[in-house]
Amino acid sequence: MTAPTANWSYPTAVKFGPGRIRELADHCKAVGMKKPLLVTDKALAALPITAQALDILDAAGLGRAVFSEVDPNPNEMNMEAGLKVYRAGGHDGVVCFGGGSALDLGKMVALMVDQKVSVWELEDIGDWWTRANPATIAPIIAVPTTAGTGSEVGRAGVLTNSATHKKKIIFHPKLLPAVTICDPELTVGMPRFITAGTGMDALAHCLEAYSSPFYHPMSQGIALEGMRLVFENLPKVYANPTDLEARAHMMSAAAMGAVAFQKGLGAIHSLSHPVGAVYGTHHGTTNAVVMPMVLDFNRHAIEGRIEQAAAYLGIKGGFDGFRARVMDLRAELSIPENLTAMGVEASRLDELTEMALEDPSCSGNPVEMTRDNTRALYQACM
């Protein structure tokens, strides 16, 4: 066997622990922000935790500017609206505050403040990121309020093209936040279905990274431990939202999943991205719906690896035991049984199949995805 070669990178400074949101203004000043724009989503903008963050900024003389016109699957129109507010306010940095949608959209605002190219020209393909002028990218502070996407430790954001309904991954190394504040107290007020969906998103990231055929043993180990944290703590926070220790472990699992998936994602994400773009479904919940079927699809390629994971996780029965644990967890969290229950129409499966094959995640699946087997996989998910 030839010795492996790979390119790796790992995340930024993470300030982790209850109450760490109180450090927000200090970290903004440390990266040069004097007038930050806090980007969040519509629902979160009205909640006390957002008011608290704005109060912290205001008390430090940094203002309390906020942009919240962020859709659940943000698109370029949300980005343009955010850029208009950013430029009009003379801002000099972005505080991304919220779940994956707000974190991703905030990154896009920071990226596109003064670029000469379209955001679509910066898709995560080859070296397209070099088309951007790095000097104009605004500094970013990330404050997750959910425990799922892990965008707070990532160098990319997902943006939906409103014309084509296709999700695109936009990448640049400088999209990695300068500082991330992980305060589990901020996640306590999440609605239960968001707790469930975001937690299953973290599991999907870890599972797909662990199953990816690419070589990255550091990510492999992180993904495995991330799965353990989700299996042990997601039921706890779903049953008892105020369990701060379990909340903290879920925040760790979310960040671990995002770190791990630089090793690769697969069919779970390539199927769920089109469904989310076309039907506006919650990303993590969609991942959870298709997860068992993708396990079956990949079984012959990953069975031995999943048996090893099951042993580490204390799950009896190897692959079948692991799959059963996923099904039990879905039932505990009231995840819809299939895509039909989420409103997906059989008449659009051909269209969704084409979109799935164009999604960059499909290239990391352990089993090659073709038009025929991907269409059949969607059908199984119905």
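Read on for an overview of the structure. Being a predicted model, the structure only gives us computed values, none of them experimental. (Residues numbered from 1 in each chain as written. Predicted model: local features only at pLDDT ≥ 70, side-chain atom pairs only at ≥ 80, totals over all residues. Heavy atoms only, no water.)

### Here we look at the overall build of the chain
Then step 1. Tallying secondary structure elements over the chain gives 13 helices and eight strands in all.
Then step 2. Against the compact-globule benchmark of 21 Å for 382 residues, the chain has a radius of gyration of 20 Å, which places it among compact chains.
Then step 3. Projected onto its principal axes, the C-alpha coordinates of the chain cover approximately 60 × 45 × 45 Å.
Then step 4. Counting the 382 residues in the chain, one finds 56% classified as buried.
Then step 5. For the chain, the proportion of contacts with a sequence separation of at least 24, taken over those separated by at least 6, is 79%.
Then step 6. When the accessible surface of the chain is summed, it comes to about 15,000 Å², and 54% of that surface belongs to carbon and sulfur atoms. (Helix = DSSP H or I, 4+ residues; strand = E, 2+ residues; numbered from the N terminus. Rg over C-alpha atoms; globule rule 2.2 N^0.38 Å. Buried < 20%, exposed > 50% of the residue type's maximum accessible area, 1.4 Å probe, protein only. Contact = heavy atoms within 4.5 Å. Areas by Shrake-Rupley, 256 points an atom, 1.4 Å probe, with all protein chains shown as cover.)

### Quick look at the sheet that holds strand S3 (residues 66-67)
Then step 1. Strand order in this open sheet of six strands is S1-S8-S5-S4-S2-S3, and the pairing throughout is parallel. In this open sheet, the two edge strands, each paired with only one partner strand, are strand S1 (13-16) and S3.
Then step 2. Direction of pairing for strand S4 (residues 94-98) relative to strand S5 (residues 140-144): parallel, over a ladder of five bridges. When the sheet's bridge partners are listed, cysteine 96 is paired in S5 with alanine 142.
Then step 3. Sheet strands in contact with helix H5 (residues 100-111) are strand S2 (37-39), S3, S4 and S5, and its direction is about 165 degrees off that of S4. (Pairing = 2+ DSSP bridges. Axes fitted to C-alpha atoms, helices over the stretch in contact; angles between N-to-C directions.)

### Thoughts on the nonpolar core
Then step 1. Membership of the largest hydrophobic core comes to 67 residues, with the highest contact counts inside it found for Met200, Met227, Phe231, Phe322 and Leu339.
Then step 2. Only helix H6 (192-211), helix H7 (217-239), helix H8 (244-260), helix H9 (267-279), helix H10 (283-313), helix H11 (318-332), helix H12 (349-358) and helix H13 (371-381) provide two or more residues apiece to this core.
Then step 3. No other element matches H10, which puts 13 residues into this core.
Then step 4. If we skip the residues at most four places from it in the chain, leucine 339 touches Val275, Thr286, Val289, Val290, Val344, Tyr378, Cys381 and Met382.
Then step 5. In this structure, Val94, Leu105, Val119 and Ala132 belong to the second largest nonpolar core, which totals 27 residues. (Core = buried A, V, L, I, M, F, W, Y, C linked by side-chain atoms within 4.5 Å.)

### A short note on the side chain of asparagine 78
Then step 1. By the element assignment, asparagine 78 lies in helix H4 (residues 76-89).
Then step 2. In this structure the side chain of asparagine 78 is engaged in a polar contact, spanning 3.3 Å, whose partner is the side chain of aspartate 71.
Then step 3. In this structure, asparagine 78 is in contact with Phe67, Glu69, Val70, Asp71 and Leu105, ignoring residues within four places of it in sequence. (Polar contact = N/O pair within 3.5 Å; in protein donor to acceptor, adjacent residues only side chain to side chain.)

### Some thoughts on the packing of aromatic side chains
Then step 1. Evaluated as defined, the whole model comprises two aromatic pairs.
Then step 2. When the centroid spacing of 6.4 Å and the interplanar angle of 85 degrees are considered together, the rings of tryptophan 129 and phenylalanine 171 count as edge-to-face. Taken together, the positions of tryptophan 129 in the loop between H5 and S5 and phenylalanine 171 in strand S7 (residues 166-171) put the pair 42 residues apart, joining distant regions of the chain.
Then step 3. Among the residues examined, tryptophan 129 registers a relative accessible area of 31% and is labelled partly exposed.
Then step 4. Ring centres of phenylalanine 231 and phenylalanine 322 lie 5.7 Å apart, and the angle between their planes is 90 degrees; on these two criteria the pair is classed as edge-to-face. Highlighted residues: phenylalanine 231 in helix H7 and phenylalanine 322 in helix H11, separated in sequence by 91 residues. Note on accessibility: phenylalanine 231 and phenylalanine 322 belong to one class, buried.
Then step 5. Arginine 131 extends its terminal NZ or CZ atom over the ring of tryptophan 128, reaching a point 4.2 Å from the ring centre. (Phe/Tyr/Trp six-rings, centres within 6.5 Å; stacked < 30°, edge-to-face > 60°. Lys NZ or Arg CZ within 6 Å of the ring centre and 35° of its normal.)

### Let's talk about the environment of alanine 156
Then step 1. By the secondary structure assignment, alanine 156 is in strand S6 (residues 156-161).
Then step 2. When the C-alpha atoms of alanine 156 and lysine 174 are compared, they prove to be 9.0 Å apart, with 18 residues separating the residues in sequence.
Then step 3. Among all residues touching alanine 156, those that are not within four sequence positions of it are Asp104, Lys107, Ser151, Ile169, Ile170, Phe171 and Leu175.

### Quick look at the pattern of salt bridges
Then step 1. One pass over the full model with this rule turns up 16 salt bridges.
Then step 2. For glutamate 358, the salt bridge identified is with lysine 166, shortest N-O distance 2.7 Å. Highlighted residues: glutamate 358 in helix H12 and lysine 166 in strand S7, separated in sequence by 192 residues.
Then step 3. With its nearest N and O atoms 2.5 Å apart, the salt bridge here joins glutamate 354 to arginine 371. Of this pair, glutamate 354 sits in helix H12 while arginine 371 sits in helix H13, and the two are 17 residues apart along the sequence.
Then step 4. Judged by relative accessible area, glutamate 354 falls into the partly exposed class, the value being 31%.
Then step 5. Within the structure, one salt-bridge network assembled from shared partners comprises Asp55, Asp58 and Arg64. (Salt bridge = Lys/Arg side-chain N within 4 Å of Asp/Glu carboxyl O.)

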